[in-house]
Every structure is written in structure tokens, then in C-alpha cells.
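Coordinates in review
The chain contents come next:
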Amino acid sequence: MGQQISITVAAEAAVNLLEKPPKMPANHPEVKNAEIPPECPMHANHQPKKKEETVLVAECPVQNDVNPLNMMPPANQQPAKDQPFLLPTDRQVSSIPRAIPGPDGKQFWEYPSQQMFWNAMLRKGWRWQKDDLRPKDMEDIIKIHNANNEQAWQEVLKWEALHARECGNPKLKSFGGKAQDYSPRAKIRSWMGYELPFDRHDWIVDRCGKDVRYVIDYYDGGVVDDKYKFALLDVRPAMDSVDNVWDRMKVCYMRWRMEFLENRQQDKSN
């Protein structure tokens, strides 16, 4: 998001996913040979670090052509050579507040335009001639990408509600992608026979001056619904602090208690 949202790395996922289109609802317009790539904050990537850590920057870091001052690649809103059709360059403002205002003073993260996304996919080696894409396909890609980001933020806010008295206005500070660095929880689920997530991201949330790391695993939801939601999200605070561990213990207890009371009520009604 920001000025260019780490679309370079997101595009790499888009190139890979284009070969496996999602199942659309029966009443949904056809989307040919395209699947929604995870992107900003989904699918940002890190510069190599000596220590394993999430990069705390105002913009998404990427690996190529980055500005060391803001870790951003140069914005590219120009049509690519041999591009078969023109794409919109307008960008949607998200509902996700920024902990650090952008260079232009904007208080909310921005999503990439269709043209930015197209150019990023080309940078990662994708060639449109291999896929029968239409302007409507790119529109759907952006809509699903944006919907997944909004869904992720809403899940974060549910956890942050535990600290509403401490901070009533959490903001997203930074984010990073770790697609091949599976979380311990994802690995354990895999050992039990469940599928691995197709992506993982770490978000750093500013809880009124306190940095809190969240881990987000993205699983294939199979079908894109009428609200353009595609991925199944597993969002939780990282177990890297006493407060985060305590939050997860509290939520685990609340879920167990709710399930126990529901089962007890059903037994009485039977």
C-alpha cells in the first residue's frame, strides 16, 4: 500500500497462481486463467536480514530497485510494451490506518492500481500472451486482493478489542511476507494431514506506541464469493511476548467455554 505497496513480490505469487484459476460462483462473470494473488499487506517480502525479524518501515520492502530511504520500488503507472488493453491507474484507499503517515500525508494505506499490478507481474516474468486475460479479469484480481486485506484487518481488530481500554485506535505500522517460512501452527496442521497455507504474512500493529506482531496464514478458500472474498485467514498475535501469549490463552478459554455452554444447552433441549 503506501506509494506502491510491495506489488513486486505480490506479482510473483500472481504469476504462479494464474495457472490455477479459482472457482467462481455460478452467477459470477467468468474469469479466465487468473487467480487472485495475495498482496499488500498480503505478500510483501523482506530484504535478507542477518537476524530473523519483521522489517519496521512505513512501506512494503521489496528486493529489487528499492529506495533505501523508504524501502519502496519506483511507482510505475505507465502501460507496458505490447500491453493488449489500457488499464485504470486509480487506486482505492483502504480502511487500514497508517501508523506512520505517507510522504503525501495520507493517513490510510492505499491499494495498487490495476496498471501497477500488471507491471509488477511483468517484472516477475509473467507474459500476458500465455493467458487469455481481459480487462474484467484484472478488475476482479484487484477486488479480491483488496477484500482479503480488509478481512485480515478486521480479524486483527477483533484481537485488539481485548485492549480497547489501553488503545482504542490501533494502526498498521508495517508488514512483511514469509510465504515459504511456515509458522509452527501451520506445520503442525500439516503433520495432522491439513494443507499448508499458500502464503504467510507478519503485520506489525502500533497499539498506541506499542508494537504488536501478528501472524496471518492464508489458506485456499476454493470459491470466490459475491463479496470477492477468496482466502481463509488464520490471524493471531505472535507468541513472542507475555502479553500475546496471555491473549491467546484468554481467547482459547473463551472459545472453549462458549462451545461448552452451547453443547450443554443442546443437551438440555434434547
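My aim in this report is to walk through the structure given alongside it, one point at a time. (Residues numbered from 1 in each chain as written. Predicted model: local features only at pLDDT ≥ 70, side-chain atom pairs only at ≥ 80, totals over all residues. Heavy atoms only, no water.)

Secondary-structure assignment places Asp 234 in strand β6 (residues 231-237). At a separation of 3.0 Å, a polar atom in the side chain of Asp 234 contacts the side chain of Arg 185. Asp 234 has contacts with Arg 185, Val 215, Ile 216, Asp 217 and Tyr 219, leaving out every residue within four places of it along the chain. (Helix = DSSP H or I, 4+ residues; strand = E, 2+ residues; numbered from the N terminus. Polar contact = N/O pair within 3.5 Å; in protein donor to acceptor, adjacent residues only side chain to side chain. Contact = heavy atoms within 4.5 Å.)

A large share of helix α2 (residues 114-123) lies buried, amounting to nine of its 10 residues. Once α2 finishes, Gly 125 follows within two positions and takes phi at roughly 105°, a positive value. (Buried < 20%, exposed > 50% of the residue type's maximum accessible area, 1.4 Å probe, protein only.)

Turning our attention to a nonpolar patch on the surface. A cluster of nonpolar side chains, Leu 162, Tyr 253, Met 254, Trp 256, Phe 260 and Leu 261, forms an exposed patch at the surface whose accessible area comes to about 600 Å². With respect to the helices and strands, the residue Met 254 is situated in helix α5 (residues 242-269). (Patch = residues over 30% accessible without salt bridge, like charges linked within 9 Å, V, L, I, M, F, W, Y side chains within 5 Å. Areas by Shrake-Rupley, 256 points an atom, 1.4 Å probe, with all protein chains shown as cover. Salt bridge = Lys/Arg side-chain N within 4 Å of Asp/Glu carboxyl O.)

Turning our eyes to something else, we now look at the pairing of strand β4 (residues 199-207). In terms of residue burial, β4 counts as a mostly covered element, since nine of its nine residues are buried. Alternating residues of β4 divide into Asp 199, His 201, Trp 203, Val 205 and Arg 207 and Arg 200, Asp 202, Ile 204 and Asp 206, and every residue in both groups is buried. Bridge analysis of strand β3 (residues 171-177) against β4 gives six bridges, and the strand direction is antiparallel. Within β4, the residue paired with Gly 177 across the bridge is His 201. By the bridge criterion, nine bridges tie β4 to strand β5 (residues 210-220) in an arrangement that is antiparallel. Bridge pairing in β5 places Val 205 opposite Val 212. Between β4 and β5, which pair antiparallel in sequence order, lie two residues; one of them, Cys 208, sits at a positive phi of approximately 50°. (Pairing = 2+ DSSP bridges.)

Pairing is possible between side chains of opposite charge, provided their charged atoms come close. Scanning all chains against the criterion turns up 19 salt bridges. Linking Lys 136 and Asp 140 is a salt bridge whose minimum nitrogen-to-oxygen distance equals 2.7 Å. Of this pair, Lys 136 and Asp 140 are both found in helix α3 (residues 135-160), four residues apart, which corresponds to roughly one turn of the helix. A salt bridge links Arg 200 to Asp 202; its shortest N-O distance comes to 3.1 Å.

One open sheet holds the four strands; their spatial order is β3-β4-β5-β6, and the pairing between them is antiparallel. Of all the strands in the sheet, the pair left with one neighbour each is β3 and β6. When strand polarity is set aside, the average angle formed by the axes of neighbouring strands in this sheet is 25°. The pairing of β5 with β6 spans seven bridges and is antiparallel. (Axes fitted to C-alpha atoms, helices over the stretch in contact; angles between N-to-C directions.)

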